[in-house]
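Chain residues, written in single-letter form:
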Amino acid sequence: MTFRTRFAPSPTGPLHLGHAYSAILAHDMAVAAGGDFLLRMEDTDMQRSKPEWEALILEDLAWLGLAWKGPVLRQSDRLESYEPALDDLRRMGLLYPCSCSRKDIRAAAAAPQEGAMPDVYPGTCKHRDMASWRPGDALRLHMDRALTVFGDDLPGFSETGTKHAGYHRVSADHALSRIGDVVLFRKDDGIIAYFLASALDDVAQDISHVVRGEDLFDFTPIQVLLLSLLGLPVPAYHHHGLIRDGNGRRLAKRDDARAISLFRADGKTPQDIRSMIGL
Ligand code: GLU
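Keep in mind the model is a prediction, meaning the values are calculated, not measured.

J.: Could you clarify how one ought to interpret the site of the ligand in this entry?
T.: Around the ligand lies a shell of 10 residues, among which R6, A8, S10, E42 and R212 are the nearest. Side-chain polar atom of R6 to an oxygen atom of the ligand: 2.8 Å apart, as the coordinates give it. One nitrogen or oxygen atom from the side chain of E42 is found 2.6 Å from a nitrogen atom belonging to the ligand. Residue classes in the shell around the ligand are distributed as 4 nonpolar, 2 polar and 4 charged.

Here it is, written out as structure tokens:
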């Protein structure tokens, strides 16, 4: 199998050392395997994603010497392509409409900050069926029902990152108590859950190995469940350790002091960046 991986930043801030680590590692793994390295902009958070951040990320990646194969895939161009998957889940009776607060739903669908999982939904709208859908409602996955599709044979994924290396089967307990009835979509404002769009795009880009930070490890089961429910192939995963600041905190995009563009302006070279992150 050809090794195909990708770097999938959300253009909501500058590229920092942590992202550079992820991008360089994925790129170098692809080169070492004689495979492909692709690029995808996860820009479904319309409020926070900005073309200027995307332009800066592209500039930083090129400066780092990373060449990606083919055009950059942009999730905002693909919103319609996610709908057939939602239709399938609806036909399987696995979705229900939810009219809970707009702010909560936006937060639940966004890419994680600091790897925090959204709160498990208490199930306020769980009694509703799709016939009661009204404009403005979001769609949630009925997790209990989704799990019953697999009986005792829950799907799994193989992981090659050192911390969790091995084969991991989705646990019903984790799915119910840590993930719950996640928001997948809201039509009127085009909100699509980051983890659904991202998993579908991995399939669309024919990704064989997802290389990303270990803060996303806990999200992998929901992606594996969704792909398996849809009968789509599950890639292998490689969750790498995180680059932390002097206080041991994970670097986030808002830590602008670690922005690659600032190191660049400071006269550092791509090799300096590789040494700083131990690559
Ligand atoms: N877009 C996500 C982020 O910026 C990464 C998602 C992934 O690599 O699967 O953190």
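J.: Before we go on, may I ask you to explain the nonpolar core in this structure?
T.: Among soluble globular proteins, nonpolar side chains are generally buried collectively. Core analysis: the biggest nonpolar cluster contains 42 residues, and L141, L184, F195 and I222 have the highest contact counts within it. Leaving out residues up to four positions away in the same chain, L141 has contacts with L94, L95, Y96, A146, D181, V182, L184, I222, L226 and L229. Grouped together as the second largest cluster of nonpolar side chains are 25 residues, L17, A20, V72 and I260 included.

J.: Just to check I follow, could you spell out the pairing of strand β6 (residues 156–159) for this structure?
T.: In the case of a regular strand, side chains alternate between the two sheet surfaces. Of the strand pairs in this sheet, β6 and strand β7 (residues 166–169) are connected by 4 bridges, and their pairing is antiparallel. Of the residues in β7, the one forming a bridge with S158 is Y167. Linkage of β6 to β7, two consecutive antiparallel strands, is achieved through a turn of 6 residues.

Rules used in this analysis
- Residues numbered from 1 in each chain as written.
- Predicted model: local features only at pLDDT ≥ 70, side-chain atom pairs only at ≥ 80, totals over all residues.
- Heavy atoms only, no water.
- Near = heavy atom within 4 Å.
- Polar contact = N/O pair within 3.5 Å; in protein donor to acceptor, adjacent residues only side chain to side chain.
- Nonpolar A, V, L, I, M, F, W, Y, C, P; charged D, E, K, R; others polar.
- Core = buried A, V, L, I, M, F, W, Y, C linked by side-chain atoms within 4.5 Å.
- Buried < 20%, exposed > 50% of the residue type's maximum accessible area, 1.4 Å probe, protein only.
- Contact = heavy atoms within 4.5 Å.
- Pairing = 2+ DSSP bridges.
- Helix = DSSP H or I, 4+ residues; strand = E, 2+ residues; numbered from the N terminus.

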